[in-house]
Amino acid sequence: MTHEHTAFSRGLSSPICLTWELTYACNLACSHCLSSSGRKDPRELSTEEAKGLIDQFKEMDIFYINIGGGEPTVRSDFKEVVSYALDKGIGVKFSTNGTRIDQEMARWIASEAYLDVQVSLDGPREEQNDSIRGDGSFKSAIKALESLQRHGATSYKISSVVTKVSIGHLDELYELSNALGAQLRLTRLRPSGRASLIWSQLNLDGEDQRYLYRWLREHPEVLTGDSFFHLNPLGDALEGLNICGAGRVVCLIDPVGDVYACPFVIHESFLAGNVRELSFKEIWQTAPTFETLRQSREPRTCSTCSALNSCHGGCMAAKFFGGLGFDDPDPNCVFDKATSMAEVKAFPMPDLSRSRPIYIRPRIMTKAVSSQI
């Protein structure tokens, strides 16, 4: 185990990747939504509670937060909350579907030095993106990105979940990002939230994964965060953190103040506390859920694998929602060591109580990558 992995495993005094979902409300119904969002929860934090939480972040020297949802911009106090964080010296990156980024908002985003935005786009063509995110979502995202470009914004990204729909179109997506002045960020599809319902249709197979690994090696400027460390056994390590940071350097605060180990495990099994009952600092530093994760060992099934130090057994969320145990390999293990999900008898079910009917076309448009390998 590397020194870096050992240090991160013990946890840090504050998270370095804190995601805060402002609302479960959303004006889209994407088929792979990790939080199963749709309708606002009446218990969501008020404006004053949100500001109080930002004050706690400042006291903990948290210098950067990721804001999401749902669609965070549908909150009437969105700009007020974000501006409060910026005034406290906390940088903000927010994720959006782009539908509410008009000229005024684009101008505001461009004027703030420590405000970053990533617009979701799950394919370089309308028919690909809209097959997952809904009719009209591609045009809305492109319009938002063009507005950001027009007003001189310098820090904005296209965020794209890599699926069967987009894997054969990465070059085209990369070119589109460059044309719009945006940096491309690719993320992994995990069977979390509503994605668990369509995992078998959108999940990458082994051939897709090998192609993705080579493509990412050829494009080191493309951001990935910690999305694809499970691919590292294929060769040299990809950029980014190569361990599961859940409860160690990563956590999520949901719209009602519940704190989870990571954005992809919104489930009672990984609930650490609620900020209305305890301070965020107390939850982060003392919650039994986090203490357990920080003491976790490597998966037993992977203990004899020569690539263990490359991927450390993979993504906890992908295993959990894939019906696998901690001691199992990642369901997308590149050595095909994981139990086939077809053999799993029971899967943890996501909370769909806030969902509206998901959007997915009966036949998802895909493109084979075999000709490109």
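Described below are features of the structure shown in this document. Please read all numbers here as calculations on a predicted model, not as lab measurements. (Residues numbered from 1 in each chain as written. Predicted model: local features only at pLDDT ≥ 70, side-chain atom pairs only at ≥ 80, totals over all residues. Heavy atoms only, no water.)

Assigned secondary structure in the protein consists of 13 helices and nine strands. In the protein, the proportion of contacts linking residues at least 24 apart, taken out of those at least 6 apart, comes to 71%. With an accessible surface of roughly 15,700 Å², the protein has 49% of that area assigned to carbon and sulfur atoms. (Helix = DSSP H or I, 4+ residues; strand = E, 2+ residues; numbered from the N terminus. Contact = heavy atoms within 4.5 Å. Areas by Shrake-Rupley, 256 points an atom, 1.4 Å probe, with all protein chains shown as cover.)

In this section: the packing of aromatic side chains. When we look at a pair of aromatic rings, we describe it by the centre distance and by the angle of the planes. In total, this model carries eight aromatic pairs according to the counting rule given. Taking 5.0 Å as the distance between ring centres and 70 degrees as the angle between the ring planes, the aromatic pair formed by F78 and F94 counts as edge-to-face. Of this pair, F78 sits in helix 3 (residues 78–87) while F94 sits in strand 3 (residues 91–96), and the two are 16 residues apart along the sequence. As far as burial versus exposure is concerned, F78 and F94 are alike and both buried. With a centroid separation of 4.9 Å and 90 degrees between ring planes, the pair formed by F270 and F320 is classed as edge-to-face. Highlighted residues: F270 in the loop between strand 8 (258–260) and strand 9 (271–274) and F320 in helix 13 (residues 316–321), separated in sequence by 50 residues. Comparing F270 with F320 shows no difference in burial state: the two are buried. One aromatic cluster is present, built from ring pairs that chain together W20, F57 and F280. It is K319 that lies over the ring of F326; its NZ or CZ is 5.2 Å from the centre. The cationic tip of R354 hangs over the ring face of Y24; the distance from NZ or CZ to the ring centre is 3.8 Å. (Phe/Tyr/Trp six-rings, centres within 6.5 Å; stacked < 30°, edge-to-face > 60°. Buried < 20%, exposed > 50% of the residue type's maximum accessible area, 1.4 Å probe, protein only. Lys NZ or Arg CZ within 6 Å of the ring centre and 35° of its normal.)

Enumeration according to the criterion identifies two cavities of 30 Å³ or more in this entry. Space inside the largest cavity adds up to approximately 120 Å³. Lining of the largest cavity is provided by 14 residues; of these, C302, C305, C311, P329 and C333 occupy positions nearest its centre. Within the lining of the largest cavity, the residues separate by chemical class into nine nonpolar, three polar and two charged. Classifying every residue of the lining of the second largest cavity gives six nonpolar, four polar and one charged. (1 Å grid on protein atoms, 1.4 Å probe; cavity = no way out; pocket = protein on both sides within 12 Å on 5 of 7 lines; lining within 4 Å. Points joined across faces, edges and corners; volume = space filled by probe spheres on them. Nonpolar A, V, L, I, M, F, W, Y, C, P; charged D, E, K, R; others polar.)

Taken as a whole, the second largest pocket encloses approximately 410 Å³ of empty space. In terms of lining residues, the second largest pocket is bounded by 22 residues, among which R248, L293, S296, M316 and F326 are the most central. Those elements that place two or more of their residues in the lining of the second largest pocket are helix 11 (288–294) and helix 13. Considered class by class, the residues forming the lining of the second largest pocket number 10 nonpolar, eight polar and four charged.

It is worth spelling out the sheet that holds strand 4 (residues 115–120) at this point. Read from one edge of the open sheet, nine strands run 6-5-4-3-2-1-7-8-9, paired in mixed fashion. Each end of this open sheet is capped by a strand with a single partner; those strands are strand 6 (183–188) and strand 9. On average, each strand axis in the sheet is tilted by 25 degrees relative to the strand beside it, whichever way the strands run. In this sheet, strand 4 lies alongside strand 3 in parallel orientation, the contact comprising five bridges. Bridging across to strand 4, S95 finds its partner in Q118. (Pairing = 2+ DSSP bridges. Axes fitted to C-alpha atoms, helices over the stretch in contact; angles between N-to-C directions.)

The peptide bond linking G69 to G70 adopts the cis configuration, its omega dihedral lying at 20 degrees. The topology assignment puts G70 in the loop between strand 2 (64–68) and helix 3. For S36, which is not a glycine, the phi torsion comes out positive at approximately 50 degrees. Here S36 lies in the loop between strand 1 (17–21) and helix 2 (47–59). The class for S36 is buried, based on a relative accessible area of 2%. In the Ramachandran plot, D61 falls in the positive-phi region, its phi being about 60 degrees despite a non-glycine side chain. Among the secondary structure elements, D61 is positioned in the loop between helix 2 and strand 2.

This brings us to a nonpolar patch on the surface. On the surface, L197, M349 and L352 cluster together into a nonpolar patch covering about 270 Å² of accessible area. Structurally, the position occupied by L352 is in the segment after helix 13. Classification of L352 by relative accessible area gives partly exposed; the value is 32%. (Patch = residues over 30% accessible without salt bridge, like charges linked within 9 Å, V, L, I, M, F, W, Y side chains within 5 Å. Salt bridge = Lys/Arg side-chain N within 4 Å of Asp/Glu carboxyl O.)

With that settled, the discussion passes to helix 5 (residues 126–133). Of all eight residues in helix 5, six are buried, a share of seventy percent or more. Tucked into the core, helix 5 has its buried residues touching strand 4, helix 6 (137–150) and helix 8 (195–202). Positive phi shows up at G134, right after helix 5, with a value of about 110 degrees.

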